[in-house]
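Chain by chain, the residues:
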Amino acid sequence: MADFTAAQAAVVRIERSEAGRWDLTIISDSGVPMGRGVYLFEHDRDDEQDEVAGAAEFVGDYGFRFDADAVVADGPDAFWAPLLPKD
């Protein structure tokens, strides 16, 4: 991530890759992945609030945040949200 500035981060993408696993990617405004992570959870905890909380923790580690109200569905098992600098 050293090659990117906070101003270049555009979105976080949240995609289910398999049961119990969400892949998280921070994507720059030019479409380049800046950081990747995995959110693992128990199958019975697979709900929207839990995955948003996991994504918020992930982007927070990179110095970003997003508004939960701004999360947009992008198919049945994919979501994205615009990123903001962490205050």
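Residues numbered from 1 in each chain as written. Predicted model: local features only at pLDDT ≥ 70, side-chain atom pairs only at ≥ 80, totals over all residues. Heavy atoms only, no water.

Caption draft 1: Expanded view of the pattern of salt bridges. Taken as a whole and assessed by the stated rule, the structure comprises 5 salt bridges. Note that E15 is salt-bridged to R13, the shortest N-O span being 3.5 Å. Ionic pairing is found between D74 and R13, a salt bridge with its closest N-O pair at 2.6 Å. Here D74, found in the loop between β5 (72-73) and β6 (78-82), pairs with R13, found in strand β1 (residues 9-18); they are 61 residues apart in sequence, far enough to count as distant. Note on D74: relative accessible area 38%, which makes it partly exposed. (Salt bridge = Lys/Arg side-chain N within 4 Å of Asp/Glu carboxyl O. Helix = DSSP H or I, 4+ residues; strand = E, 2+ residues; numbered from the N terminus. Buried < 20%, exposed > 50% of the residue type's maximum accessible area, 1.4 Å probe, protein only.)

Caption draft 2: Expanded view of the environment of R13. When the C-alpha atoms of R13 and A78 are compared, they prove to be 7.2 Å apart, with 65 residues separating the residues in sequence. Not counting the four nearest positions on each side in its chain, R13 is found in contact with D23, L24, T25, I27, D74, A78, F79 and W80. Of the polar contacts made by the side chain of R13, one reaches the side chain of E15; its length is 3.5 Å. (Contact = heavy atoms within 4.5 Å. Polar contact = N/O pair within 3.5 Å; in protein donor to acceptor, adjacent residues only side chain to side chain.)

Caption draft 3: Seen up close, the packing of aromatic side chains. Overall, the coordinates contain 2 aromatic pairs when judged by the stated rule. On the basis of an interplanar angle of 45 degrees and a centroid distance of 5.9 Å, the ring pair of W22 and F79 is categorised as tilted. Remark: F79 occurs in strand β6 and W22 occurs in strand β2 (residues 21-28); sequence separation between them is 57 residues. Looking at W22, the relative accessible area reads 1%, which means it is buried. For F79, a relative accessible area of 16% gives the class buried. A ring pair is formed by F58 and Y62, whose centres lie 5.3 Å apart and whose planes are at 65 degrees; its orientation type is edge-to-face. Exposure remark for F58: the relative accessible area of 10% places this residue in the buried category. Classification of Y62 as partly exposed rests on a relative accessible area of 27%. (Phe/Tyr/Trp six-rings, centres within 6.5 Å; stacked < 30°, edge-to-face > 60°.)

Caption draft 4: Summary view of the nonpolar core. The biggest cluster of nonpolar side chains holds 17 residues, and the ones touching the most others in it are V12, I26, V59, F66 and L83. Among the secondary structure elements, those contributing two or more residues to this core are β1, β2, β3 (33-40), α1 (48-61) and β6. At 4 residues, α1 tops the list of elements feeding residues into this core. Beyond its immediate stretch of four places on either side in the chain, V12 contacts T25, I26, F58, V59, F66, F79, W80, A81 and L83. (Core = buried A, V, L, I, M, F, W, Y, C linked by side-chain atoms within 4.5 Å.)

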